[in-house]
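Next come the chains, spelled out residue by residue.
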Amino acid sequence: MDRGESLHELARAAAARAHAPYSGFRVGAVVRLAGGGSHVGCNVENAAFPLSGCAERHALAAAVAATAGRPEIESVTVVALGPDGVEVPAPPCGACRQQIVEFGPAIRVGFMASDGRRIELPVAELLPHPFLPAALR
Ligand code: THU
């Protein structure tokens, strides 16, 4: 199994453990650190709908917690499963793109595009002209 396949499998396993009773759209994400090691997250939905959280941002939170707030992130791999357990397209939402790009524009993001093909792109291509911390200085 190559690196891409194992990250895909990790993300898929995280998606299978998601808590998505309202949408039935289960998402898993794996944050891969440059120094090795990876952290997973899944989406968690609540009856108070706006509280629900995305898999990517939960995986980022796990990576931040494990690295004293300084994760050097190489990639984020996303897998979403439909109700039948088959992988479905899941381009990361805008909020997740924003949170990823703040950790580095070169971070590669892998996901199934709407045409059903899996692709991997630098987050800077998914979110051009991002709002970055430098804007606050
Ligand atoms: N979701 C994610 O986990 N990541 C995204 O980038 C987009 C959407 C989740 C949130 C919600 O639980 C479900 O997918 C349907 O929107």
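Residues numbered from 1 in each chain as written. Predicted model: local features only at pLDDT ≥ 70, side-chain atom pairs only at ≥ 80, totals over all residues. Heavy atoms only, no water.

Attention now goes to helix 2 (residues 55-66). Helix length check: helix 2, at 12 residues, gives a terminal C-alpha distance of 17 Å against a target of 16 Å (1.5 Å per residue), a fit within 8%. Looking only at helix 2, the buried set comprises A55, E56, A59, L60 and A63. All buried residues of helix 2 lie within an arc of 135° about the axis, which places them on one face of the element. Residue A68 follows helix 2 closely and has a positive phi angle near 50°. (Helix = DSSP H or I, 4+ residues; strand = E, 2+ residues; numbered from the N terminus. Expected span 1.5 Å × (residues − 1). Buried < 20%, exposed > 50% of the residue type's maximum accessible area, 1.4 Å probe, protein only. Arc of directions from axis to C-beta.)

What follows covers the state of the cysteines. Enumeration according to the criterion identifies 0 disulfides in this entry. Free cysteine C54: the closest other cysteine sulfur is in C96, separated by 3.8 Å. Take C54: its relative accessible area is 23%, and that puts it in the partly exposed class. Looking at C96, it has no disulfide partner, and the nearest cysteine sulfur is the one in C93, 3.7 Å off. Residue class for C96 comes out buried when judged on its relative accessible area of 0%. (Disulfide = S-S within 2.5 Å.)

A few words now on the pairing of strand 1 (residues 26-33). Across the 8 residues of strand 1, 6 count as buried, placing the element largely inside the fold. Looking at chain direction, strand 1 and strand 3 (residues 73-81) are connected through 8 bridges and run antiparallel. Bridged to G28 within strand 3 is V79. Of the pairings in the sheet, the one linking strand 1 to strand 2 (residues 38-42) comprises 5 bridges and is antiparallel in character. In the sheet register, A29 faces strand 2, and the bridge partner there is G41. The loop that links strand 1 with its antiparallel partner strand 2 comprises 4 residues; one of these, G36, has a positive phi angle of about 95°. (Pairing = 2+ DSSP bridges.)

It is worth spelling out the layout of surface pockets at this point. Approximately 190 Å³ is the volume found for the largest pocket. Along the walls of the largest pocket sit 16 residues, with F25, V27, N43, C54 and E56 positioned nearest its centre. Here the lining of the largest pocket is composed, by residue class, of 10 nonpolar, 4 polar and 2 charged. (1 Å grid on protein atoms, 1.4 Å probe; cavity = no way out; pocket = protein on both sides within 12 Å on 5 of 7 lines; lining within 4 Å. Points joined across faces, edges and corners; volume = space filled by probe spheres on them. Nonpolar A, V, L, I, M, F, W, Y, C, P; charged D, E, K, R; others polar.)

A few words now on the site of the ligand. What surrounds the ligand is the set S23, F25, V27, N43, E45, C54, A55, E56, P92, C93 and C96. In this structure, N43 approaches the ligand through a side-chain N or O atom, which is 2.9 Å from an oxygen atom. For the ligand, an oxygen atom lies 2.9 Å from a polar atom in the backbone of A55. When the ligand is considered free in solution it has 370 Å² of accessible area, and contact with the protein chains removes 76% of it. Judged by its atoms lying within 2 Å of the grid points, the ligand is housed in the largest pocket. (Near = heavy atom within 4 Å. Polar contact = N/O pair within 3.5 Å; in protein donor to acceptor, adjacent residues only side chain to side chain. Areas by Shrake-Rupley, 256 points an atom, 1.4 Å probe, with all protein chains shown as cover. Sits in = over half its atoms within 2 Å of the grid points.)

This part covers the packing of helix 2 against helix 3 (residues 94-101). In the contact formed by helix 2 and helix 3, the axes pass within 9 Å of each other and the chain directions differ by 25°. Here helix 2 is positioned roughly parallel relative to helix 3, judged by the angle of their axes. The hand of the helix 2/helix 3 crossing is left-handed. Across the interface between the two elements, E56, R57 and L60 from helix 2 touch A95, C96, Q99 and I100 from helix 3. Across the contact of helix 2 with helix 3, the residue classes break down as 4 nonpolar, 1 polar and 2 charged. (Axes fitted to C-alpha atoms, helices over the stretch in contact; angles between N-to-C directions. Parallel < 35°, antiparallel > 145°, perpendicular 65-115°, else oblique. Left-handed = near helix turned anticlockwise from the far one by under 90°. Contact = heavy atoms within 4.5 Å.)

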